[in-house]
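Residue-level structural notes
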Amino acid sequence: MNELLGANTDTLDRVAESLGLDARRLQDIGTRAQQVVAEMQAVWDGPDLWHLIQQWEQEGLPQLASASTSLDTCASQLRAQSSAQSGASSCDGSSSGPVLMWLTPGAALGIPVPASPGGGSSAEPPILTPTAGSPPGHGSPGENARWWKSLSVREQRSDIKEHPEWIGNRDGVPFAARDQANRALLGVDRDRLVAQQGRLNARLSGSWFGGTFTNDDAALAHVKDKLASLEAIEQTLARDGDRQLLVLDLSQERAQAAIARGNVDSADNVAVFVPGMTQTVNDSMKDDDHAMDQLQHRAELENKRANPAGNSTTATVTWIGYQAPQWGLDLLGENSVAEDHAAQVGAAQLVPFLRGIGAARDHDAHLSLLGHSYGSTTAGLALRQNTGVDDVVFFGSPGIGTNDVKDLSVPGSHVSYIEARWDPVGDLGYFGIDPSHMEGIEHASARASTVVDPMTGEIRHFAEVTGHGSYLADDSTSQYNLSVVVAGLPNRRVLDGGEGVGDVLSWPIPGTYS
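Quick summary incoming for the structure in this document. Numbering of residues begins from 1 in every chain and follows the order in which that chain's sequence is written. Given that this is a predicted model, residues contribute local features only at a pLDDT of at least 70 and side-chain atom pairs are listed and counted only at 80 or more, while totals for whole chains, interfaces and linings are drawn from all residues. To get the side-chain values, take all heavy atoms of the structure and skip hydrogens and water.

**Some details on the packing of aromatic side chains**
Each aromatic pair joins two rings of Phe, Tyr and Trp (for Trp, the six-membered one) with centres within 6.5 Å, and gets the label stacked for planes under 30 degrees apart, edge-to-face for over 60, and tilted for any other angle. Applying the stated rule across the entire model yields 9 aromatic pairs. Taken together, a centroid distance of 4.8 Å and an interplanar angle of 85 degrees make the contact between tyrosine 430 and phenylalanine 431 edge-to-face. Taking the relative accessible area as the measure of exposure, phenylalanine 431 reaches 11% and is therefore buried. Relative accessibility thresholds used throughout: buried, under 20% of the residue-type maximum; exposed, over 50%; partly exposed, between the two (1.4 Å probe, protein chains only).

In structure tokens:
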């Protein structure tokens, strides 16, 4: 460690003592706040409380702990510098005069550094180097990746164990680490919810009026819904094959999660599937994951057919990382399927997730984005920004959030659209014109097809899908088209320029859109 040569040791000692006191004050604040949270849990239940607790546990408490640790670290370094300076001064018989102290924005919590001998501010960065602390408060995927890589392996393991809430949903951190952290949090969240369930049951059973004059009934249903989501996640993770829990977020009205089939950190091809309306973790994750399991298998088979000597790997991700519109009261609020609010919010969460795939890896993957129904609107809005996506497939789309494919940050000719016959949603043209009529989009087929392998001559037959919900059916033409795009073989798609009655009716009237 470099020494603050010429520094006034009394000044260093006073600043160190002040920082130490501040560190202890922050510890006291954290202890008292933890007590207040516990007291609130005894008298208050419901979504607002759970959201507050989630914010406290994931943001407030870690930030206070990190700040206290950083202050203690700074104080220790200053004391060490003071001791070293005292030794140096006693050896050469010199003593230092008063030292001007200044703070730089990059110094952790204000590490003091002496001014230059000429009296002006030194152009050099602070001599004191803080130890690696907490991650960036609201870091971008790139910033998070740089922070993670700055840690030693021992520090990384320690953060996963001691602060899984820092790691689990942090875009830019390797997904193996996120998986470990999120799996650890599963048990923590389950214990917390079970305890809340017990308190609510006790209050309801102890009241003559049940939940008539309170919101305890609704709160209990909310807790049970979150527990059902955790159960669905755990059952999905327990399936055969390599799976990673990439997102776990219980802070919203409904649980949000993302589960990968395959290794996102190392796979040659990565596909992210964004489902649409009515999709939830507890009701949809297992089925969606099953479809992604089949798609991963098909994509790897297509790679093997195209390159028999190769060993290309694929990872597929089910991303239920937003509050997809639901039936019921959702139809009346801003989260209604008739509005793009949920898609806008979802896109804002999807963009850093996609960017985090590239930031976390040592080498780029071929990245595909798959959007179905309202999820295609979410995906289209996300692609208005640079995400690193190489190919996108929309299917059964009510509109991709634009009338011009040039608005999407995807390489030309790498935008595909699949629309099955008798799919009314695909003809709505509600969030932008019907993608069937957009120039620059390749139209992949959902009809029955026969594919002849260009290398082996093998003949394969694929089934047609109809309606809105069967695009991912195994051994269908639509699934085949998705698999070759995910495999990085879009030239092998089965294209279909035909249009149905609904496409004729949804043809945009010139002058009614821009």
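**A look at the pattern of salt bridges**
Here, a salt bridge means any Lys or Arg side-chain nitrogen found within 4 Å of an Asp or Glu carboxyl oxygen. Considering all chains together, one arrives at 17 salt bridges under this definition. Aspartate 189 is the partner of arginine 192 in a salt bridge, and the nearest nitrogen-oxygen pair spans 3.3 Å. Placement of the pair is arginine 192 and aspartate 189 together in helix α6 (residues 175–205), with a separation of 3 residues, close to one helical turn. With a closest N to O distance of 2.9 Å, aspartate 293 and arginine 261 form a salt bridge. Residue aspartate 293 is found in helix α8 (residues 281–306), and its partner arginine 261 is found in strand β4 (residues 256–261); the two are separated by 32 residues along the sequence. Since its relative accessible area comes to 22%, aspartate 293 is described here as partly exposed. Judged by relative accessible area, which is 16%, arginine 261 ranks as buried. Secondary structure elements are defined from DSSP: runs of H or I of at least 4 residues count as helices, runs of E of at least 2 residues count as strands, and each element is numbered from the N terminus.

**Side note on the sheet that holds strand β5 (residues 269–274)**
With respect to topology, 8 strands assemble into an open sheet ordered β3-β4-β6-β5-β7-β8-β9-β10, the strand pairing being mixed. Looking at which strands have only one partner, the edges of the open sheet turn out to be β3 (243–249) and β10 (442–444). Each adjacent strand pair in this sheet contributes to an overall mean axis angle of 20 degrees, direction not counted. Here 5 bridges tie strand β7 (residues 366–372) to strand β8 (residues 391–395), and the two strands are oriented parallel to one another. In the sheet register, histidine 372 faces β8, and the bridge partner there is phenylalanine 395. Contact between two residues is taken to exist if any of their heavy atoms lie within 4.5 Å; hydrogens are not considered. Working convention: axes come from line fits to C-alpha atoms, limited for helices to the stretch in contact. Angles between N-to-C directions cover 0 to 180 degrees. In the packing of helix α7 (residues 216–237) onto the sheet, the strands contacted are β3 and β4, and the crossing angle to β3 comes to about 165 degrees. In this scheme, strands are said to pair when DSSP sees at least two bridges between them.

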